[in-house]
Amino acid sequence: MTQKDETFNPFDPTGMFKDMQTTGMDAWSKMMIQMVHTDAYAKATGIMLDTWASSSAVFRQTMETIMREVLTKLNMPTRADVIGLAERLGNIEMRLDDLEAKLDEKPRGPRKAAAASPRS
Amino acid sequence: MTASEIRVPSFAEVYGELVKIAGNVQKYSKLLTSNARIAQTPKEVIWTLNKAKLYRYVPIVADEKRHKIPLFLVFAIMNRPHVLDLRPGHSFVEYMLQHGYDVYLLDWGAPGPEDRNLNFDNYTLDYLPRAVRKVKSVSGSDTFSMLGWCLGALISTLYAALRPDDGLKNLILLTAPLDFTDKTAGGFSRWTSHPDFNADKIVDAFGNVPGEMIDYGAKALKSVENFVGSFLSLWDNINNPKVVESWHAMNTWVRDTIPMAGGAYRQLINEFYKENRLMEGTLAIKGEHVDLGKLRANVLNVIAEADHITPPCQSEGVMNRLGSADKQLLRVRGGHIGIMAGSGAEKNTWPHLEQWLAARSSL
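Described in the following lines is the structure provided in the data block. Everything quoted here is computed from the prediction, not taken from an experiment.

Bringing the overall build of chain A into the picture now. Looking only at helices and strands, chain A features 3 helices and 0 strands. Along chain A, helices (α) and strands (β) appear in the sequence α-α-α when read from the amino end. Residues classed as buried in chain A amount to 4% of the 120 residues present.

Shown next, in the form of structure tokens:
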């Protein structure tokens, strides 16, 4: 697709990038890999995420409070209500799964006993 | 090259080139914005719990010729498991079905806001044992083999150590992040073990950690290859159907990111990456102490030599802690995903897994 020989092809839109790739990609890649494996990068990542999380917390909490109040006044379930309901459904589902497993075991039990009895 | 050597193309040549380029650009942009048909092997849902689904693949080998012990696949919690069944003709699931296995796959699903507190305790002792119970019930076998990949391997290891009498006969671990002793090994370990990296604050801010954030972190480890090289490579091979098909399938899987439950993320960073509790012997799951010495299943621990996400040292160190009598370490050339989904997987990885398992899959 891109130029393979040394002739400049004016119709290959990625020709320039291909040249960069063949000549400098490996070096660029190694440099980037080294950079992300430095303590400075790790520190910068940590600080950036920490700053973002801290600064967004105020906005997030304010929004949550406003939404909760608005929904309560409108007599509608809040996010916490819906999440709580979903969690309860999850727990019920687990109990149902355990019940289903017990029901599954019942038919297997007599069969096993029947299979075992002739031998004994 | 001198000016006299430059040949001026004719109008027809220019037009022809422009038409070709336009066609290629159209094809390229379609590949970038569309989804390939992946995970096509026929299967049925046999169990669900919350967002988790357990699939059974439709066997293609007659019952009497199949291995008696079913194979249970457990993938990571922050990606879709479709990479195990990438595309027809290049699918690990399909390969194992052809070799006579009864294959089951656990898809953890995408956690919602109500799942923000789900952690490894829940995955290991609430979800996995129930899914195992269903696998045993449907297959009719009291023993089973389990293959865990990445964080799926971590969960599988915890389960195998905590429930050694549950019928697990064979355990295959693929690129398992278990030992975080070396804090300088790999980018993730270095970033997350830094004192300035505060997982609690991230989870408090997001609830569930967005898939895009995890995806960015993984790609940043090899940024040039992932953000530039991959796309240049596609352009270079735009007229090679084999490469295009493979790239499209992989890109479809990579783009389909899912969030990671906040509780699991918090635990992964604090208890595993920072405190290395599993190897230190201080890890407790739902109050039960995890002792790797209690793991008795046969173990094949597969390491990707060029893995930048789980460096080999994070998997190797576990071998002498396992209580298993039959344990092997297998080194495969390739990266974290490449060893199972790359073009060489069918020759370099899958046959090794299948042969190891076949020798241990009779009752």
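Let us look at the overall build of chain B. On a plain count of helices and strands, chain B comes out with 15 helices and 10 strands. Taken over the C-alpha trace, chain B has a radius of gyration of 22 Å; the compact-globule value for 363 residues is 21 Å, and the two agree within 12%.

On the chain B side, the residues contacting the 35 residues of chain A number 36 residues. Secondary-structure elements contributing two or more residues to the side of chain A that touches chain B are helix 1 (15-36), helix 2 (39-73) and helix 3 (79-119) of chain A. Tallying contributions element by element places helix 2 of chain A first for the side of chain A that touches chain B, with 12 residues. Per-class residue counts for the side of chain A that touches chain B are 18 nonpolar, 10 polar and 7 charged.

Let's shift gears to the packing of helix 6 (residues 199-206) of chain B against helix 10 (residues 262-274) of chain B. Helix packing geometry: the angle between the two helix axes and the distance between the axes. Residue and element names in this part refer to chain B. Remark: helix 6 packs on helix 10, axes separated minimally by 9 Å, with the N-to-C direction vectors making an angle of 170 degrees. With respect to their mutual orientation, helix 6 and helix 10 come out roughly antiparallel. Along its contact with helix 6, which presents A199, D200, V203 and F206, the element helix 10 presents G262, Y265, R266, I269 and N270. Each residue belonging to the contact of helix 6 with helix 10 can be placed in one class, and the counts come to 5 nonpolar, 2 polar and 2 charged.

Residue and element names in this part refer to chain B. Looking at the secondary structure, you find I285 in strand 7 (residues 284-285). For the pair I285 and V19, spaced 266 residues apart in the sequence, the C-alpha separation amounts to 62 Å. Non-local contacts of I285, meaning those with residues more than four positions away in its chain, are made with F120, D121, T124, L125, L158, L162 and V290.

What follows is about the pairing of strand 9 (residues 298-304) of chain B. On a regular strand, one side chain projects to one face of the sheet and the next to the other, so that they alternate. All names here are of chain B. Across the 7 residues of strand 9, 6 count as buried, placing the element largely inside the fold. In terms of strand pairing, strand 6 (residues 168-174) meets strand 9 through 5 bridges, oriented parallel. Paired with I172 across the two strands is L300, which belongs to strand 9. Bridging between strand 9 and strand 10 (residues 327-332) involves 6 bridges; their strand directions are parallel. By the bridge assignment, I303 is partnered in strand 10 with R331.

All names here are of chain B. Core analysis: the biggest nonpolar cluster contains 99 residues, and L73 and V103 have the highest contact counts within it. Ranked by the residues each element gives to this core, the list is headed by helix 4 (residues 151-162), at 9 residues. With residues near it in sequence (within four places) discarded, L73 still touches L84, V103, Y104, L105, L106 and L147.

Residues and elements named next belong to chain B. With respect to the helices, strands and loops of the structure, W47 is situated in strand 1 (residues 43-49). The spatial distance from the C-alpha of W47 to the C-alpha of L106 is 9.4 Å, given a sequence separation of 59 residues. Excluding residues within four positions of it along the chain, W47 makes contact with L54, A131 and K134.

All names here are of chain B. Spanning 12 residues, helix 4 covers 17 Å between terminal C-alpha atoms, matching the ideal 16 Å at 1.5 Å per step. Burial runs high along helix 4: 12 of the 12 residues are buried. What helix 4 keeps buried is the set L151, G152, A153, L154, I155, S156, T157, L158, Y159, A160, A161 and L162. Looking at the buried residues of helix 4, the elements they touch are strand 3 (71-74), helix 3 (120-139), strand 5 (144-149), strand 6, strand 7 and strand 8 (288-289).

Criteria and cut-off values
Residues numbered from 1 in each chain as written. Chains lettered and ligands numbered in written order. Predicted model: local features only at pLDDT ≥ 70, side-chain atom pairs only at ≥ 80, totals over all residues. Helix = DSSP H or I, 4+ residues; strand = E, 2+ residues; numbered from the N terminus. Buried ≥ 20, exposed ≤ 12 C-beta atoms within 10 Å, placed from the backbone. Rg over C-alpha atoms; globule rule 2.2 N^0.38 Å. Contact = placed C-beta atoms within 7 Å. Nonpolar A, V, L, I, M, F, W, Y, C, P; charged D, E, K, R; others polar. Axes fitted to C-alpha atoms, helices over the stretch in contact; angles between N-to-C directions. Parallel < 35°, antiparallel > 145°, perpendicular 65-115°, else oblique. Pairing = 2+ DSSP bridges. Core = buried A, V, L, I, M, F, W, Y, C linked by C-beta atoms within 7 Å. Expected span 1.5 Å × (residues − 1).

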